[in-house]
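# Geometric and topological summary
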Amino acid sequence: MALGNMSNINYTIDDLHHMINLGVRGNMVCDSVYKKLMPDVVDRYFNNLVTKGNPADSKFYKHMKINDAKNHVNIASNSNNKNEDWQTDYFEDWDILIDDGLVQDKGYTYTSFNTRGLRLLSSYNKYNKFPLYQPYFEPKNRLSDYGILNSTGPVGYKVLSNRNFEDLKVCYTDKYADKDLTCNFVIVDIGKNSKVTLKELFENKDGCKIYNILYLIRDGATLKLNRQHDYNSKEQSMNIIESKFIQFPNSKLTYEVYGEGSKHNQEIIDLEIHDNCSTSIIGTFNLFDKNVNNMYVNVHHKKPNSNSIVDVRTIGDDFSHSSFCGKINIDKIAENTFAHLENKNLMVSDSAVMITEPQLDINTKEVECSHGCTVSNFNKDMLYYLQSRGVDNIASEELLKECFLKT
């Protein structure tokens, strides 16, 4: 940690372990106003941080080229001259905007209750009921723990029961467009028997953003989630996104994510699946230049009669870096489970790095479980076939890339 001018403090993520309880910047550890929203969560996470040590040093990140994020210098300012307007180019295109401790529903107020059945969760809303969400959070000793501890409070939104949202659009943006670390602590609560089609955009910034997002998909609910990573300013942007999905009985989740990586990108997904659920996780990434993308998927079947499919495909070109770790855990009582995990990687440059690691933990015989993880290059026979039909080299490779991601 280094002092800049009188109003600025420079620090790295590596420094956070030693400075989070110093009150250098507002967070849920030091500020009683923020902490009282979810005090049990703050205490559990902080005590775990003290006991387990600096999460930046965890072996969890051994394949993730973590140093770019660890060593990046963030600039905290005590200046009060911050613009009250949202500094995003996407304001008109999205229904909900979210940033550290802030949520706004376009066309409503911070405390609005949308008559269609959408309720914002924030410290400004006395009906947020944040304490009821505390049991769903447990520390992981990952950098995403800072997404809670270093935030200025939880925010999010709740879809009430028996509602239908066919095109809900949410943008995770950067209100102040500053050089400081951005930490987001977010709750998404999909009510019983509701059907929601949700589109998310994670807007890049010149710096690092950490997210800890909880999705509750209640009994009988359906969530179709389409997540896109911003294509702009990838060279300066670092995103650490941890998403935990809890599927209650008879719920359905379809999750699609796509992007081109960034200076450092993590897409971490933990799934807790109960009985009679359906889950689909689809990821497509096209990496080039020096972009980095790391994806971790942990599928935990806790109850019987559910099915899950994970299919992640990545293209690595130029000097890009990709890592994938996929886990399937099936508890002893989770009989009649179907689970499939697949990760395919197309490495089209000798300078690219692509790592894939599948893990299975099956504790009952009454299941159907399979996996397949590969790293390959262009099919020479297909290239020759296309070129013999008059398609030039570049066009042939681009066509095969497109087919790889879509088939």
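Placed above this text is the structure.
Since this is a predicted model, take the numbers as computed values, not measurements.

Next up on the list: the overall build of the protein. Regarding its fold elements, the protein presents seven helices and 23 strands. On C-alpha atoms alone, the protein measures out to a radius of gyration of 22 Å, which is about the 22 Å that the 2.2 N^0.38 rule sets for 407 residues. Its C-alpha atoms give the protein principal-axis dimensions of about 65 × 50 × 45 Å. Taken over 407 residues, the protein has a buried fraction of 53%. Contacts in the protein between residues at least 24 apart in sequence constitute 83% of all its contacts with a sequence separation of at least 6. When the accessible area of the protein is evaluated, it comes to approximately 17800 Å², of which 47% is carbon and sulfur surface. Placing the 46 positive and 54 negative side-chain charges of the protein at their respective mean positions leaves the two points 5 Å apart.

When the terminal C-alpha atoms of helix H7 (residues 393-406) are compared, their 20 Å separation across 14 residues agrees well with the 20 Å that a helix rising 1.5 Å per residue should span. Of the residues making up H7, those classed as buried are Ser396, Leu400, Lys401 and Phe404. Take H7 and look down its axis: the buried residues cluster within an arc of 135°, on one side only. Structural note: H7 exposes Ile394 and Lys406 on the side pointing more than 90 degrees away from its buried face.

Tallied over the full model, the rule gives 15 salt bridges. Where aspartate 189 meets arginine 218, a salt bridge forms, and the shortest distance between an N and an O atom there is 3.0 Å. Separated by 29 residues along the polypeptide, aspartate 189 in strand S10 (residues 182-190) and arginine 218 in the loop between strand S12 (207-217) and strand S13 (222-229) bring together distant segments of the chain. For aspartate 189, a relative accessible area of 0% corresponds to the buried category. Sharing partners across several salt bridges, the network here consists of Arg142, Glu242 and Asp270.

In terms of residue burial, strand S16 (residues 264-273) counts as a mostly covered element, since 10 of its 10 residues are buried. Alternating positions in S16 separate into two faces, His264, Gln266, Ile268, Asp270 and Glu272 on one and Asn265, Glu267, Ile269, Leu271 and Ile273 on the other, with burial throughout. Relative to S16, strand S14 (residues 237-247) is paired through 10 bridges, and the arrangement is parallel. Across the sheet, isoleucine 241 pairs through a bridge with glutamate 267, a residue of S16. Sheet topology places S16 next to strand S18 (residues 292-301); eight bridges connect them, and they run parallel. Opposite isoleucine 268, over in S18, you have tyrosine 296 as the bridge partner.

What follows is about the nonpolar core. In terms of nonpolar packing, the biggest core is built from 48 residues, with Tyr157, Tyr172, Leu223 and Phe245 touching the most fellow members. In contact with tyrosine 172, not counting residues within four places along its chain, are Ile98, Val186, Val188, Glu200, Leu201, Phe202, Glu203, Lys209, Tyr211, Ile213 and Tyr215. If you look at the next biggest cluster of nonpolar residues, it comprises 39 residues, including Leu49, Ala76, Leu149 and Cys183.

To continue, consider the sheet that holds S13. One open sheet accounts for 10 strands, arranged S5-S4-S9-S11-S13-S15-S17-S19-S21-S23; its pairing is mixed. If you trace the sheet from one side to the other, it starts and ends with strand S5 (102-105) and strand S23 (367-376), each paired once. Mean inter-strand twist for the sheet, computed between neighbouring axes without regard to direction, equals 10°. In terms of strand pairing, strand S21 (residues 337-347) meets S23 through 10 bridges, oriented parallel. Each residue of the ladder has a partner; that of threonine 337, found in S23, is valine 367. Its contacts with the sheet put H7 on strand S17 (278-287), strand S19 (307-316) and S21, and the angle it makes with S19 is roughly 165°.

What follows covers unusual backbone geometry. Apart from glycine, the bulk of residues carry a negative phi angle, and the bulk of peptide bonds sit in the trans form. Despite not being glycine, asparagine 193 shows a phi value in the positive range, around 60°. Positionally, asparagine 193 belongs in the loop between S10 and strand S11 (195-202). Residues other than glycine seldom take positive phi values, yet asparagine 276 does so here, at roughly 60°. Structurally, asparagine 276 is set in the loop between S16 and S17.

With the rule as written, the count across this model stands at nine aromatic pairs. Considering the side-chain rings of phenylalanine 60 and tyrosine 296, the 4.9 Å spacing of their centres and the 65° angle between planes classify their relative orientation as edge-to-face. You can see phenylalanine 60 sitting in the loop between helix H3 (39-52) and helix H4 (67-70) and its partner tyrosine 296 sitting in strand S18, a full 236 residues away along the chain. Judged by centre distance (4.4 Å) and plane angle (10°), the ring pair of tyrosine 215 and phenylalanine 245 falls under stacked.

Attention now goes to the side chain of asparagine 345. Relative to the elements of secondary structure, asparagine 345 occurs in strand S21. A relative accessible area of 1% means that asparagine 345 is categorised as buried. There is a polar contact of 2.9 Å between the side chain of asparagine 345 and the side chain of asparagine 343. Beyond its immediate sequence surroundings of up to four residues, asparagine 345 is in contact with Thr314, Ser322, Met354, Thr356, Thr374, Val375, Ser376 and Phe404.

Conventions adopted
- Residues numbered from 1 in each chain as written.
- Predicted model: local features only at pLDDT ≥ 70, side-chain atom pairs only at ≥ 80, totals over all residues.
- Heavy atoms only, no water.
- Helix = DSSP H or I, 4+ residues; strand = E, 2+ residues; numbered from the N terminus.
- Rg over C-alpha atoms; globule rule 2.2 N^0.38 Å.
- Buried < 20%, exposed > 50% of the residue type's maximum accessible area, 1.4 Å probe, protein only.
- Contact = heavy atoms within 4.5 Å.
- Areas by Shrake-Rupley, 256 points an atom, 1.4 Å probe, with all protein chains shown as cover.
- Lys, Arg positive; Asp, Glu negative; His and termini not counted.
- Charge placed at Lys NZ, Arg CZ, Asp CG, Glu CD.
- Expected span 1.5 Å × (residues − 1).
- Arc of directions from axis to C-beta.
- Salt bridge = Lys/Arg side-chain N within 4 Å of Asp/Glu carboxyl O.
- Pairing = 2+ DSSP bridges.
- Core = buried A, V, L, I, M, F, W, Y, C linked by side-chain atoms within 4.5 Å.
- Axes fitted to C-alpha atoms, helices over the stretch in contact; angles between N-to-C directions.
- Phe/Tyr/Trp six-rings, centres within 6.5 Å; stacked < 30°, edge-to-face > 60°.
- Polar contact = N/O pair within 3.5 Å; in protein donor to acceptor, adjacent residues only side chain to side chain.

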